[in-house]
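# Reading the structure
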Amino acid sequence: MTSPLEIAANAVMTVSIFLAGRNNVHSWWLGIIGCVLFAVLFYESRLYADVTLQLFFIVTCVIGWWRWLRGGTGAPLPITRARPQALIWMGSLGLAATVIYGLLLQAYTNAYAPFIDSGVLMFSVIAQLLLMGRRLQTWQFWLLVNTIAVPLYASRELYLTSVLYGVYWFNALASWFFWRRKMQETGPQQPA
């Protein structure tokens, strides 16, 4: 049975994720509220890497909110592409961190699916860092995360969360195209 906590967490995060995809700064403060709710939900489900992820998200939501409003020069941050070398470095680091954190969870906790849970954590961190910098490739990483998260959450009987992560997959795809169009409207930006 879906708990009121799961319903509330998903309702708030759905609005936050939709607003992020539409390049709307209000995504960030809603994200803080949603992450607090999800941290409690995931703790109750023994998905400890996801609890850690929610704590990370709370901090990065505050930073992202500020960066999107003020950027590096006091003006709103534009949408840009990340350099290919940075993406390769981030992806490699994400894989290594997934294995290391998965091994730690397996050895020291009663975590369910420690390596899959760790993959959601590590690649969400990368996606969130790219989102904070308004990098177009954030949406490719969110597609990966959502692909992994849907069956993980379903296996823990978090069916509403699983279904919504399926919806978020489509939102990430639509957002990727929306951001690319917005970036083209503002003119070419240098990869950062």
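As the structure is a computational prediction, the values presented were derived from the model and not from experiment. Counting starts from 1 at the beginning of each chain's written sequence and moves along it residue by residue. Local features in this predicted model are restricted to residues of pLDDT 70 or higher, and side-chain atom pairs are both shown and tallied only at a pLDDT of 80 or more, whereas totals for entire chains, interfaces and linings draw on every residue. Based on all heavy atoms of the structure, the side-chain values leave hydrogens and waters out of the count.

## So, the overall build of the chain
In this description a helix means any DSSP run of H or I spanning at least four residues, a strand means any run of E spanning at least two, and both kinds are numbered starting from the N terminus. In terms of regular secondary structure, the chain is built from seven helices and zero strands. Ordered by position in the sequence, the α and β elements of the chain form the string α-α-α-α-α-α-α. Our radius of gyration looks at C-alpha atoms and nothing else; its globule reference is 2.2 Å times the residue count to the power 0.38. Relative to the globule expectation of 16 Å for 192 residues, the C-alpha radius of gyration of the chain, 16 Å, shows essentially globular dimensions. Overall, the C-alpha framework of the chain stretches about 50 × 35 × 25 Å when taken along its three principal axes. At a minimum sequence separation of 6, the contacts of the chain that also span at least 24 residues come to 73%. All accessible-area figures derive from a Shrake-Rupley calculation using a 1.4 Å probe, and residue coverage is judged against the displayed protein chains alone. For the chain, the exposed surface amounts to about 9500 Å²; the carbon and sulfur share of it is 71%. Considering the chain, the positive charge centre built from 12 side chains and the negative charge centre built from 6 side chains are found 19 Å apart. Only heavy atoms enter the contact rule, under which two residues are in contact if any of them lie within 4.5 Å. Charge counting follows a simple rule: Lys and Arg are positive, Asp and Glu are negative, and His as well as the terminal groups are ignored. Charge coordinates come from a single atom per side chain, which is NZ of Lys, CZ of Arg, CG of Asp or CD of Glu.

## Topic: unusual backbone geometry
Despite not being glycine, Asn23 shows a phi value in the positive range, around 65°. Take Asn23: it is sitting in the loop between helix 1 (4-21) and helix 2 (27-44). Even without being a glycine, Glu157 presents a positive backbone phi close to 60°. Summarising the element assignment, Glu157 is placed in the loop between helix 6 (138-155) and helix 7 (159-185).

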